[in-house]
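# A closer look at the structure
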Amino acid sequence: MGRPPKELDPTAGVAELLGSKVRELRKRKGWSQETLAGKVFSSTTRIAQVELATDPPNAELCQRLDDTLEAGGSLMELLPLVGRSTFASWAEVFLARQAKAAKIHEFSQVVPGLLQTPGYARAMLASGQRIFYSRDLDEVVQDRLDRQEILRRAKPPWMWAILDESALHHVIGDRHVMREQLEFLLEAGTSPHIHIQVLPYEATVPAALGGSLTVLGMTSGEQLAYLEGMRGGTLHEGEDAIPYTVLYDRLHGNAISHDASAALIRRVLEEKYQ
């Protein structure tokens, strides 16, 4: 299974995440802080400050670290998030990587955020507003809808969504909301860069999967896996992501085809929500 998973504590700031990534990449190369400092034209003290998050790097140093450590842009992607609110920083890191992914593969027991209608997103977020969110509901909903621009840009990522069949039957909001949502899924599934499949009730779900799973394929060839449950998320990179890509492949193997999934969505729509 590789090294222990990198659990991104919701209370940790992004500067700490950036620093820990620098330290991890440095150690993978077998370098001391002094060696890395020499390669990026800095000082050992400065590298220690970055790794301990006592003084995050500026853009110039961060770019040199990214290039030297062969981070594939992942350090530079974190830098704009440094200094922002630490609320749900594990999610901010994931979303920053998602926005630049070439491939997005998702499995979820609800409709994933990138494919949610405004009504469905509002109903989902409103149900946890008092528990998980301190911001205004309208702002949280708009943030989620704004992220869907990823799929509307000139060169969108390839998105492959596997929905647990329960996502079609559990009523989020009301019947009108669900009707709109299922109609939207049928329309979205006709897009050449969006592929939607359903995992039927009788299919086997790997026991190791305790929530939604997203596998990101970056333009660099790097793969990341993000596992999210009710209380937080876990980001896996490099070798740590491999077991989760295998889990996704198993889910894909157990799901019904794209065409059969569209037929099932249409049947549930007609029988339950008309």
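Each remark here, short or long, concerns the structure printed above.
Below is a short write-up of the structure. Fair warning: this is a prediction, and the values are worked out from it, not measured in the lab. (Residues numbered from 1 in each chain as written. Predicted model: local features only at pLDDT ≥ 70, side-chain atom pairs only at ≥ 80, totals over all residues. Heavy atoms only, no water.)

### Some remarks on the pattern of salt bridges
Summed over all chains, the structure comprises eight salt bridges. Where Lys29 meets Glu70, a salt bridge forms, and the shortest distance between an N and an O atom there is 2.6 Å. With a gap of 41 residues between them, Lys29 in the loop between α1 (14-28) and α2 (33-39) and Glu70 in the loop between α4 (59-68) and α5 (74-78) connect regions that are remote in the sequence. For Glu70, a relative accessible area of 61% gives the class exposed. Two residues, Arg122 and Asp138, come together in a salt bridge whose shortest N-O distance is 2.6 Å. You can see Arg122 sitting in helix α7 (residues 118-127) and its partner Asp138 sitting in helix α9 (residues 137-146), a full 16 residues away along the chain. Judged by its relative accessible area of 47%, Asp138 is partly exposed. (Salt bridge = Lys/Arg side-chain N within 4 Å of Asp/Glu carboxyl O. Helix = DSSP H or I, 4+ residues; strand = E, 2+ residues; numbered from the N terminus. Buried < 20%, exposed > 50% of the residue type's maximum accessible area, 1.4 Å probe, protein only.)

### Quick notes on the environment of Lys39
Take Lys39: it is sitting in helix α2. Exposure remark for Lys39: the relative accessible area of 40% places this residue in the partly exposed category. Counting along the chain gives 29 residues from Lys39 to Thr68, while the straight-line C-alpha distance between them is 7.2 Å. Once residues within four sequence positions are removed from consideration, Lys39 is found in contact with Trp31 and Thr68. (Contact = heavy atoms within 4.5 Å.)

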